[in-house]
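# Observations on chain architecture
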Amino acid sequence: MSITICPVTPNFAAEIGDVDLSRPIAPSDVAAIKDAFAKYAVLIFPDQHLSQDQHLDFARHFGPLETTIALFRKDAKLRVPKEFADVSNLDPENEVWGKDSRQRLFQLGNRLWHTDSSFKRLPARASLLYARSIPPVGGHTEFADERAAYDALPEDMKRRLESLVAEHSIFNSRARLGFASFSDEERQGLPPVPQVVVRTIAESGRKSLYLASHAGRIFGMPEADGRTLIDQLVAHATQRQFIYTHRWRVRDLVIWDDRCTMHRGTAFDDLRWKRDMQRATVCDVANTCEQEGIAVAAA
Ligand code: OGA
Ligand code: MN
């Protein structure tokens, strides 16, 4: 039996049934999942029973995996293998983190609109987040369709954005939260990188905005003008009509296309409930400027 695709929204999110991701998947099913991924950008696989290895094996169908940036945080002790981003609120002993822990401050960045790893020269292509435990209330994840947001821009704005390149840094999003206490070594480990503001997704041919709270200045523009433009575009791209909100069930695996979506976590009582989410992340094929054939203008 082949997979079942059940749209949640007409063009952005779909649930996928009749597939067990813990087992080897037939090539025709892998192809059907990839086709659905090109159309929808957010796919939900309910009630999957996955070990960590099975989760990683499924992710590898989409390309090579990233390793976690927690390795750059000198104080971090990993609770999960380095191929996972630990998106939980748990410490290495599986207890809820401390109110003032650095880990908590760092993860608060996930409450801002972003796309994963745009602050890496080679950003993320896809993220696969698996829910092992969830809070009884709150802790949803919102997704914004940046292809639809691009399509809805006025033509003169589309022309204005052509060839623009923004500088992305993880320290931009953390600075927005007033969190700036990073060592020189930590900063040097994740230097700022250029990324285009508009990109084309190869499989669908659709154009998409490429934005994140990690974005700072735009090359060739005064800093304040660039930041204002980014804020204006994020506000545009996160209007209600572009959003799908995922309300998690335990054992949901959700995969999203980082090239053409933004996402953010919603609030929950993170000092009371355990929320254990683990993310495998697939690398993109090249820096976005390279992919679009755009040279970065001098600063
Ligand atoms: C992520 C992320 C938000 C959430 O996994 O990359 O940003 O709701 N998650 O946990
Ligand atoms: Mn994220």
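These lines cover the structure that appears in this document, whether it is placed above or below.

Turning our attention to the coordination of the manganese ion (ligand 2). Protein-derived ligands of the manganese ion (ligand 2) are His114 (NE2), Asp116 (OD) and His263 (NE2), with the metal-ligand distances lying across 2.1 to 2.2 Å. Linear spacing of the donor residues for the manganese ion (ligand 2) on their chain is H-x1-D-x146-H.

So, about the packing of aromatic side chains. Aromatic ring pairs are described here by two measures, namely the spacing of the ring centres and the angle between the planes. The full count for this structure, using the stated rule, is eight aromatic pairs. For the pair Phe58 and Phe62, a centre-to-centre distance of 5.7 Å together with 85 degrees between the ring planes defines the contact as edge-to-face. The pair formed by Phe58 and Phe62 is uniform in burial state, with each residue classed as buried. Seen from their ring centres, Phe143 and Trp256 are 5.1 Å apart, and the 55 degrees between their planes marks the pair as tilted. One end of the pair, Phe143, is in strand S6 (residues 141-145); the other, Trp256, is in strand S13 (residues 253-257), with 113 residues separating them in the sequence.

Taken together, the neighbourhood of ligand 1 is formed by Val87, Asn110, His114, Asp116, Leu129, His140, Thr141, Trp256, His263, Gly265, Arg275 and Arg279. Residue Asp116 places a side-chain N or O atom 3.1 Å away from an oxygen atom belonging to ligand 1. Protein coverage of the free-state accessible area of ligand 1, which is 290 Å², stands at 98%. Within the shell around ligand 1, the residues separate by chemical class into three nonpolar, six polar and three charged.

This part covers the pairing of S13. When you tally the buried positions in S13, you get five out of five residues, the bulk of the element. Where burial is concerned, the two faces of S13 agree: the one with Leu253, Ile255 and Asp257 and the one with Val254 and Trp256 are both buried. Bridge count between strand S3 (residues 42-45) and S13: four bridges; the pairing is antiparallel. Within S13, the residue paired with Phe45 across the bridge is Leu253. When strand S5 (residues 124-133) meets S13, the two strands line up antiparallel, connected through five bridges. Following the sheet pairing, Leu129 is matched in S13 by Val254.

Phi at Asn94 is positive, roughly 65 degrees, even though this residue is not glycine. Following the sequence through the fold, Asn94 ends up in the loop between strand S4 (84-86) and helix H3 (102-107). You can call Asn94 partly exposed: its relative accessible area is 37%. The phi dihedral of Arg251 falls on the positive side, at around 75 degrees, and the residue is not glycine. Inspection of the secondary structure assignment puts Arg251 in the loop between strand S12 (243-246) and S13.

Strand order across the open sheet formed by three strands is S12-S6-S14, with antiparallel pairing between neighbours. At either end of the open sheet lies a strand with only one pairing partner, and these are S12 and strand S14 (261-265). Put simply, the sheet's adjacent strands are angled 20 degrees from each other on average, direction ignored. One ladder, built from four bridges, connects S6 with S12; its direction is antiparallel. Residue Glu142 lies in a different strand from S12, and its bridge partner there is Thr245.

Procedures and definitions
- Residues numbered from 1 in each chain as written.
- Chains lettered and ligands numbered in written order.
- Predicted model: local features only at pLDDT ≥ 70, side-chain atom pairs only at ≥ 80, totals over all residues.
- Heavy atoms only, no water.
- Donors = N, O, S within 2.8 Å, 3.2 Å for Na, K, Ca; no water.
- Phe/Tyr/Trp six-rings, centres within 6.5 Å; stacked < 30°, edge-to-face > 60°.
- Buried < 20%, exposed > 50% of the residue type's maximum accessible area, 1.4 Å probe, protein only.
- Helix = DSSP H or I, 4+ residues; strand = E, 2+ residues; numbered from the N terminus.
- Near = heavy atom within 4 Å.
- Polar contact = N/O pair within 3.5 Å; in protein donor to acceptor, adjacent residues only side chain to side chain.
- Areas by Shrake-Rupley, 256 points an atom, 1.4 Å probe, with all protein chains shown as cover.
- Nonpolar A, V, L, I, M, F, W, Y, C, P; charged D, E, K, R; others polar.
- Pairing = 2+ DSSP bridges.
- Axes fitted to C-alpha atoms, helices over the stretch in contact; angles between N-to-C directions.

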